[in-house]
Structures are given as C-alpha cells and as structure tokens.
Amino acid sequence: MSKIFYILIPLGIVFGGIAAIAGDIQPKNVDALYAGESIVLQNEEIKIVFFKREVGVHPAQKDGFSWAEIYGPDDSGTLNRYLGVIEHFGEVDIEGQNHPLRMDALDHKIEKMREGTRITFTTEIQIPEEGVMTWGNVISVRGEAMFFVPKEGNWVEYDLHMEPEFRVNFRSVRGPWVRVGAYDFGAEKRDAIFSGLEWLQGKEWSSSVDYLAPEEALRVTPHPRKVTAPVMAVGLDGLALSLSWDPHLNSLSVLSRDRHPQPVFACPNFIDKRDDNLMGLMFPSSGYGMEENDLRIYKPLMFPEQGIRFHSRITVSPGTSLDAISNWVKTNGFPDPGEERFSREDLLDRVAAAYNAQFWEKGVGWTYHKEYPDEFFHGVAWYLALTVGEVIKKKPSYYVPEVVDYYIKHGKDPSLVAGLKEKAEWCLSQGYYSKRKPSGKSRLKAYPELFDWYPDETLRAYGEAILDWQTPEGYFPYEPDGRHLTEHNTMARNYRPIGQPGDVEILDFYMTSSILLLTLGDALDEPRFIEAGRKALEVAMPLERPEGGDWWEIPVHAPNYYTAGWGAIAYYLGYEMFGDPKYKKRSIHFLRAQLPFTYIWESPVFPLSYHTKPTFGGTGWRYMAWHNRCVHWEGVSIIHMSRQLKFDWNLVDPEMDWDQYQAGILTAGLRLLADSKDPDWVKLSEDVDEKFKAGKMDMFIADTFDPVAKLYGGLIVRIAPDPLVMCSLDRLWENQ
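Here the residue index of a chain counts from 1 through its sequence in written order. Confidence filtering applies because this is a predicted model: local features only for residues at pLDDT of at least 70, side-chain atom pairs given and counted only at 80 or more, and all residues used for totals across whole chains, interfaces and linings. Only heavy atoms go into the side-chain values, all of them from the structure, while hydrogens and water stay out.

**Some remarks on the overall build of the chain**
Counting its secondary structure elements, the chain contains 19 helices and 28 strands. Partly exposed describes any residue whose relative accessible area lies between the buried limit of under 20% and the exposed limit of over 50%, with all areas from a 1.4 Å probe on protein chains only and scaled to the type maximum. Out of the 736 residues in the chain, the part that is buried amounts to 61%. Contact criterion: two residues are considered in contact whenever any of their non-hydrogen atoms come within 4.5 Å of each other. The long-range fraction of contacts in the chain, counting pairs at least 24 apart against all pairs at least 6 apart in sequence, stands at 69%. Accessible areas in this description were obtained via Shrake-Rupley with a 1.4 Å probe; residue shielding takes into account the shown protein chains only. Counting only carbon and sulfur atoms, one obtains 50% of the accessible surface of the chain, whose full area is about 28,400 Å². Put simply, DSSP H or I for four residues or longer makes a helix, DSSP E for two residues or longer makes a strand, and each gets a number counted from the N terminus.

**Quick word on unusual backbone geometry**
The residue after Cys267, namely Pro268, is reached through a cis peptide bond having omega -5 degrees. Along the chain, Pro268 falls in the loop between strand E19 (262–266) and strand E20 (277–283). Cis geometry is found at the peptide bond from Phe283 to Pro284, where omega equals -5 degrees. Among the secondary structure elements, Pro284 is positioned in the loop between E20 and strand E21 (301–302). Look at Lys273: it is not a glycine, yet its phi comes out positive at around 60 degrees.

**Quick notes on helix H6 (residues 402–410)**
Along H6, the residues that are buried comprise Val403, Val404, Tyr406 and Tyr407. Along the axis of H6, the buried residues cluster in a sector spanning 160 degrees; they form a single face. On the buried face of H6, the contacting elements are helix H4 (344–356), strand E24 (365–366), helix H7 (414–428) and helix H19 (722–731). An arc is given here, and it is the one of the directions from the helix axis to the C-beta atoms.

**So, the pairing of strand E12 (residues 169–180)**
Moving residue by residue along a regular strand, the side chains alternate between the two faces of the sheet. Judged by how many residues are buried, E12 sits mostly within the fold: 11 of 12 residues are covered. The pairing of strand E6 (residues 81–86) with E12 spans three bridges and is antiparallel. Bridge pairing in E12 links Ile86 to Val178. In this analysis, strands are considered paired if DSSP registers two or more bridges between them. Taken together, the two bridges between E12 and E21 define a ladder with antiparallel strand orientation. Residue pairing for E21: Phe170 is matched across the bridge by Leu301. Here E12 runs beside E20; their pairing, made up of six bridges, is antiparallel. Bridging across to E20, Arg174 finds its partner in Met282.

**Side note on the packing of aromatic side chains**
Ring pairs shown here join Phe, Tyr and Trp side chains whose ring centres sit within 6.5 Å, with only the six-membered ring taken for Trp; geometry is labelled stacked below 30 degrees between planes, edge-to-face above 60, and tilted in between. Overall, the coordinates contain 48 aromatic pairs when judged by the stated rule. Plain terms: the ring middles of Tyr433 and Trp453 are 4.4 Å apart, the flat faces sit at 50 degrees to each other, and that makes the pair tilted. Taken together, the residues span a long stretch of sequence, with Tyr433 in the loop between H7 and helix H8 (456–469) and Trp453 in the loop between H7 and H8 at a distance of 20 residues. The exposure class assigned to Tyr433 is partly exposed, which follows from its relative accessible area of 38%. Here Trp453 falls in the buried class, since its relative accessible area comes to 4%. An angle of 15 degrees between the planes, with centres 5.3 Å apart, marks the rings of Trp681 and Tyr712 as stacked. Residue Trp681 is found in helix H17 (residues 679–683), and its partner Tyr712 is found in strand E28 (residues 711–713); the two are separated by 31 residues along the sequence. Using a relative accessible area of 4% as the deciding quantity, one classes Tyr712 as buried.

**What about the packing of helix H11 (residues 527–539) against helix H12 (residues 561–578)?**
Orientation is described by axes fitted as lines to C-alpha atoms, over the contacting stretch for helices, and by angles from 0 to 180 degrees between their N-to-C directions. Where H11 contacts H12, the two axes come as close as 11 Å, and the packing angle between them is 125 degrees. When the axis of H11 is compared with that of H12, the two are oblique. Read as a crossing pair, H11 and H12 show a hand that is left-handed. Contacts from Ile530, Arg534 and Leu537 of H11 reach H12 at Ala570, Tyr571, Gly574, Met577 and Phe578. Looking at the contact of H11 with H12, its residues break down into six nonpolar, one polar and one charged. Convention used here: angles under 35 degrees read as roughly parallel, angles over 145 as roughly antiparallel, angles from 65 to 115 as roughly perpendicular, and any remaining angle as oblique. Crossing handedness follows the turn of the near helix against the far one: under a right angle anticlockwise gives a left-handed crossing, and clockwise gives a right-handed one. The nonpolar class holds Ala, Val, Leu, Ile, Met, Phe, Trp, Tyr, Cys and Pro. Asp, Glu, Lys and Arg form the charged class, and all remaining residues, Gly among them, are polar.

**Some remarks on the nonpolar core**
Here the nonpolar core consists of buried residues drawn from Ala, Val, Leu, Ile, Met, Phe, Trp, Tyr and Cys, with membership extended through side-chain atoms lying within 4.5 Å. In this structure, Phe334, Tyr355, Trp366, Met511, Ile569 and Tyr661 are the most contacted members of the largest nonpolar core, which totals 144 residues. Looking at which element gives the most residues to this core, the answer is H12, with 11 residues. Within the second largest apolar cluster, 59 residues are counted, among which are Tyr158, Val178, Val180 and Ala192.

**Thoughts on the side chain of Thr619**
As for its placement among the helices and strands, Thr619 is situated in strand E25 (residues 618–619). Here a polar contact means two N or O atoms within 3.5 Å. Within protein one must be a hydrogen donor candidate and the other an acceptor candidate, and residues neighboring in sequence count only if both atoms are side-chain atoms. Within the local environment of Thr619, its side chain forms a polar contact with the side chain of Trp626, the two groups lying 2.5 Å apart. With residues up to four places along the chain from it excluded, the contact list for Thr619 reads His488, Glu553, Ile554, Met624 and Trp626.

**Side note on the environment of Glu291**
Mapped onto the secondary structure, Glu291 falls in the loop between E20 and E21. For the pair formed by Glu291 and His223, sequence separation is 68 residues and the distance between their alpha carbons is 8.5 Å.

**Considerations on the pattern of salt bridges**
If the charged atoms of two oppositely charged side chains come close together, the side chains can form a pair. The salt bridge definition used is simple: a Lys or Arg side-chain nitrogen within 4 Å of an Asp or Glu carboxyl oxygen. Under the criterion given, the structure shown has 48 salt bridges. The salt bridge partner of Arg528 is Glu526, with a shortest N-O separation of 3.4 Å. Arg528 sits in the partly exposed class, given a relative accessible area of 42%. Judged by its relative accessible area of 13%, Glu526 falls in the buried class. One continuous salt-bridge network, built from bridges that share partners, spans Glu87, Glu91, Arg102, Arg174, Arg179, Asp272 and Asp276.

Following this line, the structure appears as structure tokens:
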C-alpha cells in the first residue's frame, strides 16, 4: 500500500457501500500481540476485521497482518456482534521444522469492483524463532490470502494459495481455521451441523459417544466422501456462522494425489483444547495419505509445485445451523441428478419379470421371505403401520403391488402381462380390497394405499390401538419392554440402553402416529382420531431435530433422516386439514431437515449425489455406524408416501427445487437395483452368493451403500422396487 492510503484509511473510506477503516477496533484475540493496525471490510450484513501482529525481536521477522475476526448484526442491525476468529492466513507443518509455521502478510492491496471489494494479502511463511532451521532464513513457502466482500450479501469469500519456493515436504497444510466464539462467548452454541456426520444441540459434543460406541464416535477428520455437502455450520442465538468450500479443488501432483480438501470439525474445540467451536479445512485428506481422525500425515508428502489452494466462503445466516445449510442449497442449487440407469421401458420390463418370477410364491402371493413376512417388501404404508404397533402385524400376501397393476395395463411384453394378470386375479380373490377415495366431507386429498386392503372395522381397531398408546396429554412414550421391544434393543443393553422407558421426547412416534390418526380419522369420519392426531402435532412442536426413526436398532435421540420425512408429511397433513400456518412452517422445516443427510455434491471418482445417510447413530451402539453407510429406501419411501397423499413439496416450500431433489433421489435409487447379469454392478456388490449369482436378488434394492468402499450391500433384506418404479414414472418420465 502507498503512504497516501495509510494516511486516508483511518478516516474511513467507503467503496460502493463497503467500508475500509483502519485502527479503530480492538481485537478479541489475546494470543497475539496487536501491532495497532487493522483494516475493516463490511457491507450491511457482515464485517471482517484484519489485524496486524507484532512479532519478536529476530532480525528476520517483521510485523504482518496475521488474523481476522468476524462480526454480524446485533439486535439493532448494527454490525457489532462478534462471532469468531479466523486463526491465520494459512499454516504449514514442514518436515525439518520443530512445529507448524503460519503465513504472515507483509503487503496487501485493496481493489474496488462493481460487485464489491477485495483485499489480497501477499503472504510468506514465518521465520522460526529457534536456531535449528534447515535452511537459514530463506523463505520456503509463499502465497496469497484473498478476501472478497460483496456489495450485498451475508458472506465473505476466502481464498488461500500456498506455493513452495523450492522442494519441501509437509505433514499438513491448514487453510481456513474458524474458531467460533473464541476469546468471547466460547463454546456456547444453539446447534451445529457437520453435513453427513453431526447434528448437535445445546451442549452436545461432536465426536461424542451420545449415539455411537467409542470406537466409531470420532469424526473430526472423516473421509471426505462421508461428508454429504461441503458446508458446516454453528448456530448461535438467532445467527449461524457457516464455512463452505469447493470440494473439487485438488492439489494433484506426481507424488500428492489429494482429490478433496479435508474438512475439520470439533464442537467444542477439543483439537486446539480451546473454549470455542472449530470449523476448518486442511490437506492432506483422509481420502489420500492421512488416516481418518488424524491431523497430520506421518510420512511427509512433497509440496506440489503448483501449490495448494483453498476456495471457501464464510457466511452469516439468520436462524439456525439448519437454516445455514438450507441457505447454502438455495445459493448453490441441487446438483444435476444425472442420467437414469435404465430407460422407462427397460426398467418396467425388468421389474415386471422379477414380479412374475423370483418375487412370487405360488399359493402365497408376492412375498419373498418366509422367516420375515413383515419386512419392507410391500412399501412405505406397510412400514408406517408397523412402526406404531401390532394391530396389523401381517401384511396380506394377496396385496397387489402398484407396478404390477400398471404393467398389466401398459406393459409391452404379452407373456409378462398374462403371467402378472393371472397372479393379480388370484390375489384379489383371496381377501378384501376396495379403493378408498375422499368423500365430500373429507379435508384430505388422498389416503395411504394401506387403507385399500382392510375393511373399516380393522382400520378402526387400528386407530383405537393408537389412541390407547397416547397419554391424555398427547404423548407417545417409549416402551422398550412393550411395543418397542426388539432384538437390537435387548442386545444393546449389554452396553447401554438405546432409550429410557417413558421418554416422551421422541419425535418419530408423534409423526408416524399423527399421519395415521389424521388419515384414518378423515377416511372413517372419526373426529376422535383427528383430534388425537392434532394433539400429537401440538405436543411435538418444541422438538426441532428429527429423532427416533429406525428406533428398533438406533439410539432413539440420534438425528434421523426418516423422521425428517415423516415430520414433513405429518405437518403437511395438519396444515391441509386445519389450515394453521404454523404447521406449514413446520413442514418446511422438516423438508429441509432432510438436507444434512443427503449427498448434494458429486465426487469426481464415483456417483455420490443424492445418496442418503439414515442416521448419525449406530445400530445397537456397536454393530453398524450408519454415518459410514447410506440407506436409500428411506428416501424413496418418503417420496412414495408423499405421492400417495398428493403432497407437493414445491407448493409448500417454493424456495427450493424439490422436484430436482426427488428426481435425484430416484435416479440414485435406480443405481441400487441389483442385477447379476451386469458385470459393472457385480463388481460393486458386497453380496455375491449363490442366490445372487442365480438371479434370485435381481431388481431388489440394495439396502446399503458404502461411499468410501463404493459397494452396494444388504440384499438379504430384499427391498421391493415397486415404490421406486412408480415414483420414477411420475418424476423421471412423466412426459413420456
């Protein structure tokens, strides 16, 4: 900068609504000596202050800008609310040095542009203070730290570039290192989300054993392909601070093949042992070169000649950490779902052939598993019934899947049409079936397909049973020795129970019960059911984080994807039935609560987008850590039930492109359909036993997907494709 600039800047210069001011703010950082110079960039929504650090007495060391602090609006709208510190402009742990060395800025320039203002710091690595250096006072790494504040917007773009001056090896390179609350309010937070791995509330710790056994709990530097979106956030009181990044920036060289920056997350900051919450980025990643949950590599890598880059954004959002994730999606959009694995006709023929052969059992119906007749085969409505009790314990084996009926009417293969028609006619001759449609008195548009297969008296008994489980206050308590007793539940007690008897703060129980009570009440014209359903919605209003789904095997307070979907549906039904806008708002909340569990970025090495994590907990604590795996039928189930109930997500939440999201979920679902005749799919299958080789598993949906190993698994569950196919006909091929 020129001397003229330094004369003017203390007076305050405004660049297109962005102020640049020096020397009027005292830093919060007490772990650095302030040299008395600062620069402020701000607009109406965010302020960032850069501070010059006073260094030691070594003749080669010079004062330089070294860190920054972030401010957001207070209650009056003034940018005086301190949020956190950007610890440094880069840090390198070089082989041959006793400790990591930070990058200081000895020069900078400010550029006014139409879109905003950018400040670029020219940085170089610190001169070590000790006399054990391997190359005297020669600077080994130089770079740039660039910050851009737009004229309008609640974010600051933060880019780093570090490049070696000669050949050096490194153990780690730290980029953005944001300590929320440092030197002020500390680790206090409202909530926090690390997409795909953590959803914290209050005083909960990340990498804790709240929902996982100790050997699976640590998630501080997970494999990058376990992260569902390149964004993490810490929610405070009314504001959330988030760090997002470009996941595709790589630092490729002959010797360093890192594909993704490594996200680092610790709430509270147990990494630095400080009273704050940490969000950071570094290289190398645990995807290449570093072990998961380490912070440095033990066999140093050569610093790539083209350097190491970080492209990130720090955003101040109104609301919670979930609002911060939602705002990131609004800004970046949902990814392209990609091409479907099958054509419409090919998929229909393949699935029809499966229903005509391996899915059918003569004299029984469309079943598949004598030992487990009540598994997920018949779709979401049946699952929904089973999650709340035993009244309809066994699905009728004469149930005709919708795709069978569709193929009989529209299929191209005459032999398949004839075979399926014969089977469907046999099923319909075995028991009750009557298509239910809302009457003139109904307040709902449609009902679950479950209702078509039972007479009124059976459904009424079902509703009465749900009323028996509900307390007079409207609660649905957890009964681990009663209706919630499962094998996993019992086994887990050897370590610790997955829930406490009588717990009434498990959201899933209210959402599934309310869906059934409201739809049963409307279909049967039963006001008691409707009132009980509304009471369930009301008592569940304080429960913001989706919890309780997969309750038969998962700690009941673990963050859960399935519950998010049920919550969106339940509150939509409440809004449709009662017109209360608070129910619409809650439905939107739970639609968006699906986002932290969903892959909304694409890896360059394997299709990842739109796969979904079921929970951030573990089966029976120890058996399976589900943040390591994806389970896709749950997302398909939620879309399928929404389709049955005529719930248009876009009408409720038009700020998001939920059609694109659903298309993505379904496109990803097609990737999970087993096919023993496809050599590419066989390579990705964990299940290659004799049944699989014989084609007995073909067209079942794989229960699991491992994003790190890139393998499909869990075919023993044999999840039927009916919901996936029917939703795909609507969402992927509706114009055909």
